[in-house]
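Listed below, chain by chain, are the residues.
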Amino acid sequence: MTSMLSAELSATCNALGTFDKKTGKYLIDEYTLNTVKDLIRYLRRDGEEHEIRRHLGQTKVLQTDLLPMLIDHWENAELFDVTLRLLVNLTNPALLLYHEEVPVERTARHNYLQILSHLQNYKDETFTKVDTWNVFAKKLAKILEIDWSERDEDTGLVIERILILIRNVLHVPADLDRERRPENDASVHDQVLWGLNQSGILDILLYMSSENEKQYFMHILEIVSHLLREQNPSALADAALRRSGQEKLRDDQELLALRASESKQRLDKIRQYSAARHSRFGGTYVVQNMKSISENELISFKPLTEFSKLDFSGSKKSKLVRPKNRRPVESGILERRSAFAVRLFLKEFCIEFLNSSYNPLMRHAKDVLVRARAQQNDESYYLWALKFFMEFNRAHDFRIGLVSETVSVPTFHFVQQQMEKYCDTLKVEKKRPWPWVRRLHLALRAYKELLQTLWAMGADAAADVRDSARVFQSNIFYVPEYREFILALFLDYDETKMPRSYLEDLLETVHLFLKMLERFCKKTGLVVQKRVRKKAKSKSMRPSAVAAERPRGAPAAPWEAARAQLAAVLRRGAPARAPCDAAAPLPRQREDCMKNIQKSMREFKFEDAVGMFRAARELWPEEGIFGADGIAEDEELEMLETVYNADLGGDDAVEPASEGADERRDESGGDSEEGTAGRSAVARAASGLEPRNRSVSGEGEGAEETRAEADFDFLEFVHRWCQPRAVGACVAALRHLERRPRPAHCALRLLHRVARQRRRRGPGGRVQRPAEEAAPRRECDYPRASGRDSELTRAPVSPRPADVVDWILDNLVQRGRTRRGVLAKLRQLGLVFRAPTKRSGADGARRRRARRSAAATNAEEEATPPADLRGEAAQRPQRPPRPGAGELARLLAGAVARGFSEALSWLAESLEEVALDQEAEGYDPAAEGTPLVPISREAVEATASPLFAEVLRGIGVVPPADEQEAYWRIPSSLHFEAIRSRREMILKAVSGQPVADESGADADQLASADRKRSRGAEPGAPAGRTDDAGDSDDDDVLPTRRSKKRRVVIDDDSD
């Protein structure tokens, strides 16, 4: 900046007026108005380096002159208007000045940071005062007293400028390094919110969000988004006059963590400056009997207690570190707990906003966005408001009527449409992908909140809300575009562009979507649309007697034969009929409607024709093809005559039998994208893929695509998730198992679902090693994938031998298998085979004796069962009896006293999940038990405790059967009622309530639940058999009865 320009700016600022310290008033003269206008002209001529703006920020003219002048002389309308324009210009966001991109060049970045510092000073020194906001509140209240229809254009501009000024002040980011405010303390942003609330501007914003001020709805939505940007909606909904126990416990834990980190830093500093020598200078060692690259022995600089700890990669870099300029930028979502008083009035503001403003404001905002009448990227504020207020409503007092505007299929479609647009832009945007990643993350959070609200609706106490949720889910799962989008979004994850927080939200969304889809398929069944490609019909003409008699498109009977009956139906009226297939493509629906009306009239179905005609008029009123509202009956009759005699391109004179033959030829000759190419209609019907309703296909040459309905196969849908990109994303989430347990749980659940539902053990080996590396200090065992299991899975059995188990044992490469282990694996694979006879069993025993060593043979002969199987069964060791209710109550009380409350809560949650799954899938005592996988540190420590193990046994949880199992299991023989009764006992113990009273009510409840479970067991199951007995590899499976011809059915485990 030149000295001349600097002198002119200083002189202009000095000519504004002066502040009288005695009276506390700002004094102005007749030149003040022109001086303010001069400053506006200077800013208008500002260059790319923003010299004038930076000079005005350094002189603090806004703090010392402009706002004091505005506070004392706000009733001067002309001066207020001009000064307000200057304030809006000076407080413009710095990113807008640099076209929403932080500059990279050194000088430009220095100027950007200087402007940002000036904006933070404006916010801290001026706009935290209540007197400043009182002026704007008075001005707004005075203007809003005038009816909206009587305001002139200048008055509307004043309202809009005040709203923009509020937006600019709230948009200024916080300077964390300068503030250094902990949580529960009033930051600068909190002080601004306090000033807005005390001055009454928040109440004015609520009033303006009514129906009469629609032109300011987008401004209000943007202000509200900046107002609540640091708040967590769930935590804000829980704010009360008194702190809850969870809040106190959380605060104590945070304080202890801070003290521990400070102590650690202090000890590290002491060790750094102490006189202890570095370990490198503690001496060198020689590894005997190991040569280095020379002839000398290997030198080690550290003492080794075990030879296995010798590491040759100590000086190498562990992994490739990505440069900072290539790392994905976090989405910028900063949440903190504001001061207690601030949280209280913000909670009240959110409640009032939901009750009075949310539905009309969101309706108008969506209409503006759909019609492209908003500014660019304004849909971000809509998505933020959708996510925030729906989560707040769900956490505070779930009332679906308050958010009914956004709980709809069109809203779901709009959010998905925005996400698809962002994903497509990311694929082509190479230089600046970060803004689009932030918008995609925001849309993903809104999508997740829609699913969570839908899940909460399904669990609501009101029956109509549950019915609405079921209809909503059926509409979403029916359309393939909605159903396939979540898979495509998951496969499009790119760790080079998208931050870790995006992956965490994506995993939680996928987990919830699959959970909803699976439960919906199990409870009600699902019929979905499928894309089917069929070949085009051949153009060869088939002989038809009717077609030869009359030309194409001519009616089967003259119009006069139908005119009188149609006129009578028009006078009498007819019920509405569906004019076309709603699933057909939109361009074809009106044409199909015309053809259906014509066909109904020619078949003398006049009531159907009139009903479809009038329903089509209501469906397409804007074009007038089917007439206008209130049309006379004679005009309707003339229009129906035109439709009756028109040539619409259809040929309805073909015999029905020939039409059916054509359809069968089309279906048998077509191919489907779902993998039914080349299969006949009978084969597709047998596999459950036969379309039940054929919709009208689109026009095209060659192969054309149409939609058909079929039963949905959830297992096939889960199988499509078994892809390298999906597994890689889950493994990336498992690297942060300790810090973010919830996304890691969702990743493990997805991998477990794929491996368990589809019987695919491939991903297990890929997940196992990163999970072990991610948690090296955890005291839990991770199950290892066994190569012998995969060998058993791939073992062919052809030709069929007399004894299948012996044949498998003879042909296995690894000889460590036993007969019981093979039988357990066959049962897991769901195989059915004929049991060996007595002779074949003896031959198999001889082969086994020849195959084993002498010691193993002697051990087997000692374990050979006698002829009397009942005596042998009586000699088997029985499972120790489960303790009664009183003993279990004492165990639970001891566990709570030992500090296992968190582990007991985890156990209760796991029991509830198993009970819900069993209730949804049906009680099957022969199914495989559900493993209890401890993830949190408290759960891992508890499972290693003998006291907690006694608690698990008392509940009925089964310990690992052998060395191949690593986790305790909830047996499937436990009925879900018994599981829930034991869960209630655990919750009572955790909350400090009495578990078992003197009357023994809980004991009676457990006993009745066990009796129900025993009655629900299979009648043919052995009485002394337990769930964990079938997984042992020590002995052979013994039949309960001998017979020469019998058939053993190894049931499939119902996962």
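None of the values given here were measured: they were computed from a predicted structure.

Scoring rules and cut-offs
Residues numbered from 1 in each chain as written. Predicted model: local features only at pLDDT ≥ 70, side-chain atom pairs only at ≥ 80, totals over all residues. Heavy atoms only, no water. Helix = DSSP H or I, 4+ residues; strand = E, 2+ residues; numbered from the N terminus. Buried < 20%, exposed > 50% of the residue type's maximum accessible area, 1.4 Å probe, protein only. Areas by Shrake-Rupley, 256 points an atom, 1.4 Å probe, with all protein chains shown as cover. Phe/Tyr/Trp six-rings, centres within 6.5 Å; stacked < 30°, edge-to-face > 60°. Lys NZ or Arg CZ within 6 Å of the ring centre and 35° of its normal. Pairing = 2+ DSSP bridges. Salt bridge = Lys/Arg side-chain N within 4 Å of Asp/Glu carboxyl O. Axes fitted to C-alpha atoms, helices over the stretch in contact; angles between N-to-C directions. Parallel < 35°, antiparallel > 145°, perpendicular 65-115°, else oblique. Left-handed = near helix turned anticlockwise from the far one by under 90°. Contact = heavy atoms within 4.5 Å. Nonpolar A, V, L, I, M, F, W, Y, C, P; charged D, E, K, R; others polar. Expected span 1.5 Å × (residues − 1). Arc of directions from axis to C-beta. pLDDT = per-residue confidence, 0-100. Patch = residues over 30% accessible without salt bridge, like charges linked within 9 Å, V, L, I, M, F, W, Y side chains within 5 Å. Lys, Arg positive; Asp, Glu negative; His and termini not counted. Charge placed at Lys NZ, Arg CZ, Asp CG, Glu CD. Core = buried A, V, L, I, M, F, W, Y, C linked by side-chain atoms within 4.5 Å. Polar contact = N/O pair within 3.5 Å; in protein donor to acceptor, adjacent residues only side chain to side chain.

**Q** Would you explain the overall build of the protein in this entry?
**A** Each helix and strand in the protein was counted, giving 46 helices and eleven strands. For the protein, with 1055 residues in total, the buried portion stands at 42%. Here the protein displays about 58700 Å² of accessible surface, and carbon together with sulfur accounts for 51% of that area.

**Q** I'm lost on the packing of aromatic side chains in this one. Help?
**A** Where two aromatic rings form a pair, the distance of their centres and the angle of their planes describe that pair. Applying the stated criterion across every chain yields a total of 25 aromatic pairs. Centroid distance Phe353 to Phe389: 4.7 Å. Interplanar angle 25°. Geometry classified as stacked. Taken as a pair, Phe353 in helix α16 (residues 340-356) and Phe389 in helix α18 (residues 379-396) lie far apart in primary sequence, 36 residues in all. Neither Phe353 nor Phe389 differs from the other in exposure class; each is buried. Arranged with centres 5.4 Å apart and planes meeting at 90°, the rings of Tyr382 and Phe414 form a pair that is edge-to-face. On the criterion of sequence distance, the pair formed by Tyr382 in helix α18 and Phe414 in helix α19 (residues 409-428) is long-range, its members being 32 residues apart. With respect to class, Tyr382 is no different from Phe414; both count as buried. Geometry around Phe80 places Lys139 over its ring, the cationic atom sitting 5.0 Å from the centre. Cation over ring: Arg439 sits above Trp436, and NZ or CZ is 4.6 Å from the ring centre.

**Q** I tried to follow the pairing of strand β3 (residues 285-291) on my own but got confused; where do I start?
**A** Along any regular strand, the residues point their side chains to alternate faces of the sheet. Where β3 meets strand β4 (residues 297-300), four bridges bridge the pair, whose relative direction is antiparallel. Opposite Val286, over in β4, you have Ile299 as the bridge partner. What sits between the antiparallel neighbours β3 and β4 is a turn of five residues.

**Q** Quick question: what am I supposed to make of the pattern of salt bridges here?
**A** If charged atoms from side chains of opposite charge come close, those side chains can pair. Using the criterion set out here, one finds 37 salt bridges in the structure. Here Arg371 and Asp367 are joined by a salt bridge, their closest N and O atoms 2.8 Å apart. For Asp367, a relative accessible area of 30% gives the class partly exposed. Linking Glu449 and Arg394 is a salt bridge whose minimum nitrogen-to-oxygen distance equals 2.9 Å. Taken together, the residues Glu449 in helix α20 (residues 434-458) and Arg394 in helix α18 connect sequence positions 55 residues apart.

**Q** Got a minute to help me understand the packing of helix α22 (residues 480-491) against helix α23 (residues 500-523) in this structure?
**A** Packed helices, taken two at a time, are described by the angle between their axes plus the distance between the axes. Their axes nearest at 11 Å, the elements α22 and α23 cross at an angle of 150°. It follows that α22 is roughly antiparallel to α23 by the angle criterion. Considering the relative orientation of α22 and α23, their crossing is left-handed. In contact with Tyr482, Arg483, Ile486, Leu489 and Phe490 of α22, α23 contributes Tyr502, Leu506, Leu507, Thr509, Val510 and Phe513. Split by residue class, the contact of α22 with α23 holds nine nonpolar, one polar and one charged.

**Q** Can you help me understand helix α1 (residues 3-14) in this one?
**A** Every α-helical turn comprises 3.6 residues, leaving residues that sit three or four positions apart pointing alike. Spanning twelve residues, α1 covers 16 Å between terminal C-alpha atoms, matching the ideal 16 Å at 1.5 Å per step. Buried within α1 we find Leu9, Thr12 and Cys13. Down the axis of α1, the buried side of the element spans an arc of 100°, and every buried residue falls inside it. The exposed residues of α1 that point more than 90 degrees off its buried face are Ser3, Met4 and Asn14. Among the structural elements, α2 (32-44), α3 (51-59) and α4 (61-72) are those in contact with the buried residues of α1.

**Q** Explain the side chain of Asn377 to me, please; I cannot follow it from the model alone.
**A** Note on placement: Asn377 falls in the loop between α17 (358-370) and α18. The exposure class assigned to Asn377 is buried, which follows from its relative accessible area of 17%. With residues near it in sequence (within four places) discarded, Asn377 still touches Trp436 and Arg439.

**Q** Explain α4 to me, please; I cannot follow it from the model alone.
**A** Taking 1.5 Å of rise per residue, the twelve residues of α4 would be expected to cover 16 Å, and the 16 Å separating its terminal C-alpha atoms lies within 8% of that figure. Of all twelve residues in α4, nine are buried; the element is thus mostly enclosed. Buried within α4 are the following residues: Val61, Leu62, Gln63, Asp65, Leu66, Leu67, Pro68, Met69 and Leu70.

**Q** Looking at this structure, I do not really get the confidence of the model for the protein. What am I missing?
**A** Detailed reading of the predicted coordinates is not advisable wherever pLDDT is low. Mean pLDDT over the protein: 76, with 71% of residues reaching 70 or higher. Taken together, the stretch residues 538-554 has pLDDT below 50 and engages in 17 contacts with residues farther than four places along the chain or on a different chain.

**Q** Would you take a moment to explain a negative patch on the surface for this structure?
**A** A cluster of acidic residues, Glu633, Asp634, Glu635 and Glu638, forms a negative patch at the surface. Mapped onto the elements of the fold, Asp634 is located in helix α28 (residues 633-645).

**Q** Even after reading the chapter, I still don't get the nonpolar core, so can you show me in this structure?
**A** Proteins that are soluble and globular tend to have nonpolar side chains buried together. Membership of the largest hydrophobic core comes to 169 residues, with the highest contact counts inside it found for Phe136, Phe389, Phe490 and Trp721. Residues in contact with Phe389, not counting those within four places in the same chain, are Val224, Leu228, Cys350, Phe353, Leu354, Tyr358, Trp384 and Val403. With 32 residues, the next largest nonpolar core counts Ala889, Val914, Leu932 and Leu974 among its residues.

**Q** How should I be thinking about the side chain of Gln416 in this particular structure?
**A** Within the secondary structure layout, Gln416 lies in helix α19. Residue Gln416 is classed as buried on the basis of its relative accessible area of 3%. At 3.1 Å, the side chain of Gln416 forms a polar contact with the backbone oxygen of Glu481. Setting aside residues no more than four positions away along its own chain, Gln416 makes contact with Glu481, Tyr482 and Phe485.

**Q** Quick question: what am I supposed to make of the packing of helix α5 (residues 77-90) against helix α9 (residues 153-171) here?
**A** Across the interface, α5 lies against α9 with an axial gap of 10 Å and an inter-helix angle of 30°. As α5 packs across α9, the resulting crossing turns out to be left-handed. Of the residues in α9, those in contact with Phe80, Asp81, Leu84, Arg85, Leu87 and Val88 of α5 are Val158, Arg161, Ile162, Ile164, Leu165 and Asn168. Looking at the contact of α5 with α9, its residues break down into eight nonpolar, one polar and three charged.

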